[in-house]
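Residue-level structure breakdown
Listed below are the residues making up each chain.
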Amino acid sequence: MRHPTSTSRARSGSVLERDVGRPAPVSGQADAARATTLITDLPYGPKAAEVAREAVAVALHGTEVDLLDDARLITSELATNAFASGSPPLVLCVDRTNPTTGGLEVEITVTDGGCSHPAPSSPPTPEEEAESGRGLVIVEALADAWSLTTAAHGTRAWCRLTRGVRPSTANT
């Protein structure tokens, strides 16, 4: 069962999304053999990224090194963006699923209390000499799917990483 991490909003926000061809699950369909979820509050401050990386390492204990490295980097970027651009509270949710079709799916969500500016229509390209501004570019490069939803009362940054998932042979 997925734990919702979205925040209610008084008005609609903007959405930036990239999702690579995954059909929505059919209601009531159990497609996961094993699933675990970690939900934790993050400190609203410079330590948010560090705490988020440590939590992801716990949630993904025993996974392949390159997946863990990608997940830690993505989570660090999402937590940093939430602290730098959002407001408290910051919450991290990591869903780890081993589908019956094989492989591993990891969904990482960071929510915050909202921001006053809308999500960009695409990840901004930072200046070559800039010391920041590469977070969403990194997320887009490493994640199989991702989205960013911003509003005054809540921001949700989400991504999915998959490894070794075989296509389902079940009839639909």
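Residues numbered from 1 in each chain as written. Predicted model: local features only at pLDDT ≥ 70, side-chain atom pairs only at ≥ 80, totals over all residues. Heavy atoms only, no water.

A few points about the overall build of the chain
A count of helical and extended segments in the chain gives three helices and six strands. Taken from N to C terminus, the helices and strands of the chain fall in the order β-β-α-α-β-β-α-β-β. Residues classed as buried in the chain amount to 41% of the 172 residues present. For the chain, the share of sequence-separated contacts (at least 6 apart) that also reach a separation of at least 24 residues comes to 71%. Summed over all atoms, the accessible surface of the chain reaches about 9,800 Å², with 52% contributed by carbon and sulfur. (Helix = DSSP H or I, 4+ residues; strand = E, 2+ residues; numbered from the N terminus. Buried < 20%, exposed > 50% of the residue type's maximum accessible area, 1.4 Å probe, protein only. Contact = heavy atoms within 4.5 Å. Areas by Shrake-Rupley, 256 points an atom, 1.4 Å probe, with all protein chains shown as cover.)

Comments concerning the environment of Lys47
When you line up the elements, Lys47 lands in the loop between strand 2 (32-42) and helix 1 (48-59). A C-alpha to C-alpha distance of 9.3 Å links Lys47 and Ala79, two positions 32 residues apart in sequence.

Considering the packing of aromatic side chains
Overall, the coordinates contain one aromatic pair when judged by the stated rule. Between Tyr44 and Phe83, the aromatic rings sit 5.1 Å apart at their centres with planes inclined by 70 degrees, giving edge-to-face as the arrangement. Highlighted residues: Tyr44 in the loop between strand 2 and helix 1 and Phe83 in helix 2 (residues 65-85), separated in sequence by 39 residues. Judged by relative accessible area, Tyr44 falls into the partly exposed class, the value being 40%. With a relative accessible area of 29%, Phe83 lands in the partly exposed category. (Phe/Tyr/Trp six-rings, centres within 6.5 Å; stacked < 30°, edge-to-face > 60°.)

Considering the nonpolar core
Judged by nonpolar contacts, the single largest core of 29 residues is most densely connected at Leu92, Val94, Val106, Ile108 and Leu161. The set of elements that each furnish at least two residues to this core consists of strand 2, helix 1, helix 2, strand 3 (90-99), strand 4 (104-112), helix 3 (135-142), strand 5 (145-150) and strand 6 (155-163). Once residues within four sequence positions are removed from consideration, Val94 is found in contact with Thr36, Thr37, Leu38, Val56, Ala59, Leu60, Val106 and Glu107. (Core = buried A, V, L, I, M, F, W, Y, C linked by side-chain atoms within 4.5 Å.)

Quick word on helix 2
Helix length check: helix 2, at 21 residues, gives a terminal C-alpha distance of 30 Å against a target of 30 Å (1.5 Å per residue), a fit within 8%. Taken together, the buried positions of helix 2 are Leu67, Asp70, Ala71, Ile74, Thr75, Ser76, Glu77, Leu78, Ala79 and Ala82. (Expected span 1.5 Å × (residues − 1).)

Digging into the confidence of the model for the chain
Do not read the fine detail of predicted coordinates wherever pLDDT is low. Within the chain, residue pLDDT values average 76, and 65% of them lie at 70 or more. The least confident element of the chain is strand 1 (residues 14-18), whose mean pLDDT is 40; the most confident is helix 1, at 96. Throughout residues 1-32 the model reports pLDDT below 50, and contacts reaching past four residues in sequence, or to other chains, amount to 67 contacts. (pLDDT = per-residue confidence, 0-100.)

Quick look at the pattern of salt bridges
Summed over the entire model, instances satisfying the criterion amount to five salt bridges. Arg163 is the salt-bridge partner of Glu64, the closest N and O atoms lying 3.7 Å from each other. One end of the pair, Glu64, is in the loop between helix 1 and helix 2; the other, Arg163, is in strand 6, with 99 residues separating them in the sequence. Here Asp66 makes a salt bridge to Arg163, at a shortest N to O gap of 3.9 Å. In this pair, Asp66 sits in helix 2 while Arg163 sits in strand 6, placing the two residues 97 residues apart along the sequence. On the basis of relative accessible area, Asp66 is assigned to the partly exposed category, the value being 39%. What you see here is one network of salt bridges that share partners, running through Glu64, Asp66, Asp70 and Arg163. (Salt bridge = Lys/Arg side-chain N within 4 Å of Asp/Glu carboxyl O.)

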